[in-house]
Structures are given as structure tokens and as C-alpha cells.
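# Notes for the structure review
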Amino acid sequence: KNTLNCIKIKAMTGEIMNKDISHIFRSYDVRGIYGRDLDESIMERIGNAFAQHTKEDVIVARDMRVHSESLCNAFITGVLAAGRNVTFLGVLPLGVGMFAAWNKNNYAYITASHLPKEWNGVKFYHKNGVGFFENENYEIRDTVINNKIIKSKARGNLTKEDTGKIIEEYKKYLVSKIKATRKINIALDTGNGCAGLVAKDLFSKAGFAAKAIYEELDGRFPNRNPEPAEDPLTELRQAAGLGVAYDGDGDRMLLVYNGKVIQPEQTAYIILNELLKKEKGPIVAN
């Protein structure tokens, strides 16, 4: 089976490398359809280019999409070849990995976030938590397209962290900051995405009566669209008075109240209404 996969990957590589892949490098991330715009060879080059740009060691994590493991391995191979060390955190929601990388090293996360299962890609973050800007992503793009790949004489080292320990530290930190004032019933639709690793236990520890829907990780997204805004969310709307639906990598959510989907503007109003009881000043909205 592995041999057949290698043959298939090599065949795709030849086709993709002859194409213009500049469109997969976007303002805030890299995204493409696996096998058409993106494969392991491309991802290895992206990892190498990222390592050249950061000029320091790298922290890497990934989501649970079907092809994320092989793409992540290829990305890490490219980073190591450039002479940078890699700390691999495992399969985590994007924010949990960002928490672990905070103030340590630059962070790369293999995902296509809320896009359909055929897609994959990578997001880059500085160690202060700020995502790479458009010009930085385009610098990486130019390095890949111009084939400016380097192989250091001193290859980097790979370290694997305890994923479970990272998740527990993340939950402990958040629960220390946020606790329920009353035991509200809440349904959490993680959509077979990475939020399933954290959401129910996190809300329970914070004092909610939490119920999980589609909690098992499955990169095929068999039960609903990874973008909650584009899905009817039928089961969630029937489950509880208050519900939360997450996207594939757990970095965006949508609220449901009494069977109705709350629009993003309404959610912002709820949050700002509470915030302005404590804070003063102008509000900047994107």
C-alpha cells in the first residue's frame, strides 16, 4: 500500500510542479485542493521556504484531514532540511497549538480550516500569536516558485511533544480565566473536527452542562460541512437552547439559540454589549 501511495504521489508531483501554483498563496494562508494544487512535494518546499523566512526553530501542529498527516510530514522534512529544529505538537485545534507556541517560536499549522474535505494548506504565525502578513506569505511563495530551496549541512532535529499534556494545560489556563455563573445546558457541534478534542471537557470544567455532537475526529467530515455557516446544523438546532458549532480546525464558531442561527453581527453585539460595561473607547470592526 505504501509503495502504491509513493508512486501516486510522484505522479502528481510531476503534474503539479508544471502548473502555476501561485494562487494557493493567499493573503493570510496557503490553501489548495489536494492532488490538484498541492501535494507532498509542494508542501516540502513550503516548509523549506518557511524555515528560511523565520530564521529560527519552528513549532508545527496539524488538523485531522485525511491528507494532513502526509502533508505535515513533508512540511517538517522541508524545515529540517533547511537546518531548523522542529517541535511537533501533534493533532490539535489550531488555537491549542498557538497557545503552546506562544512566546516560544514561530508556528505552522497544517489545515484548510473551514473549507471542504478536498482542500488542505498551512497557516503561519509569529511567536507573539500574530498571523503572517500578506507580504510575508508572498515572500514564501516567491521562494517556492523560484525553487530557492536550501539543504543545510547541519540538518535540524525533530522533537515530539506530549499532545495530551498540551491539551490539559490549555484547558487549565482557560478555566482559570472563564467560569460559568450558572449551569447552562449547552450543545457543542464539533463537526468531526479538531474542536472535538477539547470542547466538551473544557465547557464541563468551566461549569456548563455540556453535550457533544459529532465529537469523533474524522477528516472526511461525514456528518456536515466543515463550515458551520454553510450547513443547516439540524441536530444542533434541535439539541438545546444554546448551541455552538465549530469549523474543521476549531478557530471559528457559530452560535445557535432556541433553534435559530445567530448571525455574526448579532454575536458581536452580544459580546460588545458586555465588554462596554467594563471598557470605554472606540470599537474597530473588520
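Structure shown above.
Before going into details, it helps to say that this report is about the structure given with it. Position numbers for residues start from 1 in each chain and track the written sequence from start to end. With the structure being a predicted model, the display of local features is reserved for residues of pLDDT at least 70 and the display and counting of side-chain atom pairs for 80 or more, all residues being used for whole-chain, interface and lining totals. Side-chain numbers here rest on the full set of heavy atoms in the structure, without hydrogens or water.

## A short note on the pairing of strand E1 (residues 30–33)
Here is the rule: Burial here depends on accessible area, computed with a 1.4 Å probe over protein chains only, as a share of the maximum for the residue type. Under 20% is buried, over 50% is exposed, and the range in between is partly exposed. Runs of E in the DSSP output that reach at least two residues are strands. Runs of H or I that reach at least four are helices, and both are numbered from the N terminus. Only strands that DSSP links by at least two bridges are regarded as paired with each other.
Side chains Val-30 and Gly-32 of E1 all project onto a buried face; the interleaved residues Arg-31 and Ile-33 project onto the opposite face, where all are buried too. As paired elements, E1 and strand E5 (residues 119–125) share four bridges and run antiparallel to each other. The partner of Gly-32 across the bridge, within E5, is Asn-120.

## Focus on the packing of helix H4 (residues 94–101) against helix H6 (residues 163–177)
The condition that has to hold: Throughout, an axis means a line fitted to C-alpha atoms (over the contacting stretch in the case of helices), and angles, computed between N-to-C directions, take values from 0 to 180 degrees. Should an angle fall under 35 degrees it is called roughly parallel, over 145 degrees roughly antiparallel, and 65 to 115 degrees roughly perpendicular, with every other angle called oblique. Contact definition: two residues touch when any of their heavy atoms are within 4.5 Å.
Taken N-terminus to C-terminus, the directions of H4 and H6 make an angle of 90 degrees; their axes are 10 Å apart at the nearest point. For the element pair H4 / H6, the angle class is roughly perpendicular. Between H4 and H6, the contacting residues are Gly-95, Val-96, Phe-99 and Ala-100 on the first element and Ile-166, Ile-167, Glu-169, Tyr-170 and Tyr-173 on the second.

## Looking at the sheet that holds strand E6 (residues 158–160)
The strand order across the open sheet formed by six strands is E1-E5-E4-E2-E3-E6, and the pairing between neighbours is mixed. Looking along the sheet, the strands with just one partner apiece sit at the ends: E1 and E6. Each adjacent strand pair in this sheet contributes to an overall mean axis angle of 20 degrees, direction not counted. Pairing geometry for strand E2 (residues 58–62) and strand E4 (residues 106–110), over five bridges, is parallel.

## Concerning the side chain of Ser-113
Looking at the secondary structure, you find Ser-113 in the loop between E4 and E5. With relative accessibility at 1%, the residue Ser-113 sits in the buried group.

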